[in-house]
Amino acid sequence: MDKFGVANSQKYDVYASRLMPREEFFTSGHRSCQGCGEALAVRWVCKAVGKDAIIAHATGCMEIVSSGYPQTSWMHPWIHVAFENTSAVAAGIDSGLRILHRKGKIDHMPKVLAMGGDGATADIGLQSLSGAMERGHNFTYVCWDNEAYMNTGIQRSSSTPFGAMTTTSPPGKQSFGQSTWKKNMVAIAVAHGIPYVATASPSYPFDLYFKVKKALETPGPAYIHVLTVCPTGWRSATDLSVRLGRLAVETGVFPLYEVVEGRYRLTVEVPKLKPITTYLKPQGRFRHLREPQINFIQQQILERYELLMKKCEAPYPEFPSLVPSEEGALWISKD
Amino acid sequence: MGHRKGMEVSIAVSHAVALARAEAIAAYPITPQTHIVEHLSSMVANGELEAEFVNVESEHSAMSACIGMSATGARTYTATSAQGLALMHEILFIASALRLPIVMTVANRALSGPLSIWNDHSDIMAAKDIGWIQIFVKNGQEAFDHTVMAFKIAENSKVLLPTIINMDGFILTHVVEAMNFVDQEMVDKFLPPYSPRHTLDPKSPVTMGAFAMPEIYTEVKMKHQVTLTDSQQVITSVWDEWANLTGRAYKPVERYKADNASTLFLTMGCLGEVAEIAVDELQAAGESVGLIELRLWRPFPFAELRAALAGANLVIICDRALSPGGAAPPVLAEVRSALYALSHRPQTLGYIIGLGGRDVSPESFKDIYAKARMEIAQGPSQEFYLYGVRG
């Protein structure tokens, strides 16, 4: 780490942009909202994937904004079937390609990807994802996690963070918003014993890019969980999407790491975690939160971060400088 | 060419799938379909069938995986029953809309609840509008023949629609029957390798499953409707080709001793064989009665059915499913609808029989015949009857 607090592993990223391919496989003209972090993530993932791949996509925002007949944003062979079955479709594609290759009907095996939102992954599609991972299909699953059912109008999913306001987890006299902690999809994927699992963010495009490459090169199932900022659902300014993605990492809300053959490794080091309020404040979905919930979130984030650092055998970063507020309930940053 | 052999019908169907050189199979266990996929699985394991067999974690995923397999260009097969078909339901519509020629055997079984593993047609009748070609068979020979033929029909470039072969669970799937088999050489000549128009191929990328705005949805549905209706020509020509090769001829609507009969039974699936015995015995007793067996359920063979029924005074339509609270059970409703346009149409009476594995004997048909005649003489008291209800 240098005097500016930049970790060594991140230093050379400034040169990486020149090495990135210029070819686009997720083309412009799609109908995503202004500031959509998900469309940005899709673009980067497709760039990393390269030409020789087949994509199965779940119903959801990215499907709807990109595939209105007779137009398409996808330069890859692409198939959408339904909401909850994308992993099964990808499994079928993998098996179909395998037998056609074995019989000499195709000359090589293209890469196979499945993509879906957090609802399609952590909720309705969890069974088919689990089945496809367990059977060991050679495919890479990419979850676009915008932390709610944004396509249908911002309803809560099991991936919605604690305290967040959605249209089905509204704050009220008896409610402070989402009352459950975000489902740990990464741990679920790791528990399947698959060779490659990672978190990623389009706010760290080179980290994302190389993780996708690694996932595709790994034989067998791979899972990448991408946090994608949704200004529409998060009630955040559209010009803050990349910034919020970085804040999610810098506050410890969404650490970037990978799990290779069960071994955890932190890929983006955060020398000093920022207080959670820096992440919560720009988002309208957390506007209603009061001290007890913010305090709880901060404690949980730090505890979970500490556990992850142990798994990664990484040094524990500096705590955010926090002192109790006068009421004793809320931790406030000294910075 | 070919040989005659006794075999369980499920195993014969799995041999038909292997003879058709199915390349990709995704299946989930459900009684009474299991013997088919078990034997396919062992054929793959023994290297007798060069195919990918995927043990998916549900029927929903079975149909989803079949879509993925078929979209790559692999010849794709699966089988299911009852709850499995119901769990697939959502994806069945998409498979046909994507125009993927998947072939599926449905070992017909009652839908829960109450849970029943036994035979009726409530599973497939709940899926009659999925946009697939749907064929019913009444014995092992037909099950074998139609399984091979289904691939040729489904993959025809004018059709490209998934196809279901319905065979009655247990009553047909688990019976041992003497059947005439055909050899691989003949099937290879009859059924060339699948050459799809579009596949998921990075060399020529396509988007499959784009969504449709109101401006185009109706047109897509119309195209599907026209294609499914027109597929009857391909279906009958494939059946004719098979008849030339094997001597076994099939028609969308089969007639059994139906010429000049005043009363006609109408059945689907293996009830036909039981009804045939009853018709023989009733005719021997001097009754003017015959039998119509509806083989092709989708596309619905309007012209053939009208021609077969037009001369009769009374048609007794035997359903194996109930449409609770509805106007009529499904087959009765459709047959009545088909006859309505005729200026001289026969009277129709519906009998729902054999639900949830309830045994149906030739005596049942004779009893229904007597009851129906009496009802007609008195004027029918109900729209349709649930036959044999106790208490």
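Position numbers for residues count from 1 along each chain, tracking the sequence in the order it is written. Throughout, the order in which chains and ligands are written sets their labels, letters from A for the former and numbers from 1 for the latter. Where totals are concerned, whole chains, interfaces and linings use all residues; where local detail is concerned, this predicted model gives features only for residues with pLDDT of at least 70, and gives and counts side-chain atom pairs only at 80 or more.

Colleague: Help me understand the overall build of chain B, please; the structure alone is not making it clear to me.
Modeller: In DSSP terms, a helix is any run of H or I states spanning at least four residues, a strand is any run of E spanning at least two, and both are numbered starting from the N terminus. From N to C terminus, chain B includes 12 helices and 16 strands. In this setup the radius of gyration rests on C-alpha atoms only. A globule is expected at 2.2 Å times the number of residues raised to 0.38. For chain B, whose C-alpha radius of gyration is 21 Å, the value lies close to the compact-globule estimate of 21 Å for 391 residues. With respect to the three principal axes, the spread of C-alpha positions in chain B is 70 × 55 × 45 Å. Residues are scored as being in contact if the C-beta atoms we place from backbone atoms lie within 7 Å. Sequence-distant contacts in chain B: of pairs separated by 6 or more residues, those separated by 24 or more amount to 80%.

Colleague: So what exactly am I meant to see when it comes to the sheet that holds strand β13 (residues 296-298) of chain B here?
Modeller: All names here are of chain B. Here seven strands make up an open sheet; going across it, the order is β3-β2-β4-β5-β7-β6-β13 and the pairing mixed. Strands with a single pairing partner mark the edges of an open sheet, and in this sheet they are β3 (52-55) and β13. Here the strands of the sheet are splayed against their neighbours by 20 degrees on average, with no regard to which way each runs. Lying on the sheet, helix α3 (residues 59-72) is in contact with β2 (24-27), β3 and β4 (76-80); it crosses β4 at an angle near 165 degrees. In this scheme, strands are said to pair when DSSP sees at least two bridges between them. The angle between two axes is taken between their N-to-C directions and runs from 0 to 180 degrees, where each axis is a line fitted to C-alpha atoms and a helix contributes only its stretch in contact.

Colleague: Is there a simple way to explain the nonpolar core in this structure?
Modeller: The nonpolar side chains of soluble globular proteins are, as a tendency, buried together. A:Val45, B:Ala65, B:Ile67, B:Leu264, B:Leu266 and B:Ile316 are the most contacted members of the largest nonpolar core, which totals 221 residues. Counting residues per element, this core draws most heavily on helix α3 (residues 37-49) of chain A, at nine residues. Where each domain starts and ends comes from a domain assignment, either automatic or drawn from a database. Inspection of this core shows a minimum of three residues originating in each of domain 1 (3-186 + 208-246) and domain 2 (253-386) of chain B. Setting aside its immediate chain neighbours within four residues, B:Leu264 contacts B:Ala258, B:Gly290, B:Leu291, B:Ile292, B:Leu309, B:Ala312 and B:Val315. One nonpolar core equals one set of buried Ala, Val, Leu, Ile, Met, Phe, Trp, Tyr and Cys residues connected by C-beta atoms within 7 Å. With C-beta atoms placed from the backbone, a residue is labelled by how many other C-beta atoms lie within 10 Å of its own: buried for 20 or more, exposed for 12 or fewer, partly exposed between the two.

Colleague: Honestly, helix α9 (residues 205-217) of chain A in this entry has me stumped. Any pointers?
Modeller: All names here are of chain A. Spanning 13 residues, α9 covers 18 Å between terminal C-alpha atoms, matching the ideal 18 Å at 1.5 Å per step. Residues of α9 that are buried: Pro205, Asp207, Leu208, Tyr209, Lys211, Val212, Ala215 and Leu216. As for α9, its buried residues are in contact with α3, β3 (111-117), β4 (140-145), β7 (196-200), β8 (222-227) and β9 (257-260). An expected span of 1.5 Å times one less than the residue number is assigned to each helix.

Colleague: Any chance you could explain the interface of chain A and chain B here in plain terms?
Modeller: It is common to report an interface's size as the accessible area lost on association of the parts. Between chain A and chain B, the contact holds 38 residues from the first and 38 residues from the second. Of all the secondary structure elements, the ones that give two or more residues to the side of chain A that touches chain B are β1 (53-57), β2 (78-80), α5 (86-102) and α7 (126-134) of chain A. The greatest single-element share of the side of chain A that touches chain B, amounting to 12 residues, is contributed by α5(A). Charged residues are taken to be Asp, Glu, Lys and Arg, nonpolar residues to be Ala, Val, Leu, Ile, Met, Phe, Trp, Tyr, Cys and Pro, and polar residues to be all remaining types, Gly included. Residues belonging to the side of chain A that touches chain B are distributed by class as follows: 21 nonpolar, 12 polar and five charged. Two strands pair when backbone bridges link them, and β2(A) and strand β9 (residues 207-208) of chain B are joined in this way by two bridges, in the parallel orientation. Counterpart to A:Trp78 in the pairing with β9(B) is B:Thr207.

Colleague: Teacher, can you tell me more about the pairing of β1(A) here?
Modeller: Residues and elements named next belong to chain A. Within β1, five of the five residues are buried, leaving the element largely enclosed by the surrounding structure. The side-chain alternation of β1 yields two buried faces, one formed by Ala53, Ile55 and His57 and the other by Ile54 and Ala56. In the sheet, β1 pairs with β2 via three bridges, with the strands oriented parallel. Among the inter-strand pairings, His57 is bridged to a residue of β2, identified as His80. When the strands point away from the viewer, a crossover counts as right-handed if the path from the first strand over the helix to the second runs clockwise. Tracing the backbone out of β1, into helix α4 (residues 61-66) and back to the parallel element β2 gives a crossover that is right-handed.

Colleague: Would you mind showing me how to read helix α12 (residues 362-378) of chain B here?
Modeller: For the α-helix, the turn length of 3.6 residues means that residues three or four positions removed from each other point alike. Residue and element names in this part refer to chain B. Counted at 1.5 Å a residue, the expected span for α12 with its 17 residues is 24 Å, and the 25 Å between its end C-alpha atoms agrees. Those residues of α12 that fall on the buried side of the exposure criterion are Ser364, Phe365, Ile368, Tyr369 and Ala372. With its buried residues spanning 140 degrees around the axis, α12 presents them on a single face. For α12, exposure combined with an orientation more than 90 degrees from the buried face picks out Glu363, Ala370, Met374, Ala377 and Gln378. Note on α12: the residue one or two positions beyond its end, Gly379, has a positive phi of about 90 degrees. To be clear, the arc concerns the directions from the helix axis to the C-beta atoms.

Colleague: Help me understand the packing of α5(A) against α7(A) in this model?
Modeller: Helices that pack against each other are described as a pair by the angle of their axes relative to one another and the distance between those axes. All names here are of chain A. At their nearest, the axes of α5 and α7 sit 7 Å apart, and the two run at 30 degrees to each other. Classified by the angle between their axes, α5 and α7 sit roughly parallel to one another. Residues Ser87, Ala88, Ala90 and Ala91 of α5 pack against Ser128, Leu129, Gly131 and Ala132 of α7. Residues belonging to the contact of α5 with α7 are distributed by class as follows: five nonpolar, three polar and no charged. For classification purposes, an angle smaller than 35 degrees is called roughly parallel, one larger than 145 roughly antiparallel, one from 65 to 115 roughly perpendicular, and anything else oblique.

Colleague: Hey, could you run me through the sheet that holds β1(A) in this one?
Modeller: Paired through their backbone hydrogen bonds, the strands of a sheet run either parallel or antiparallel. Strand order in this open sheet of nine strands is β10(A)-β9(A)-β7(A)-β8(A)-β4(A)-β3(A)-β1(A)-β2(A)-β9(B), and the pairing throughout is mixed. Two strands close off the open sheet at either side, each with one partner strand: β10 (263-266) of chain A together with β9 of chain B. Of the strand pairs in this sheet, β1(A) and β3(A) are connected by five bridges, and their pairing is parallel. Across the sheet, A:Ile55 pairs through a bridge with A:Leu113, a residue of β3(A).

All quantities given are derived from atomic positions and should not be read as evidence of function.
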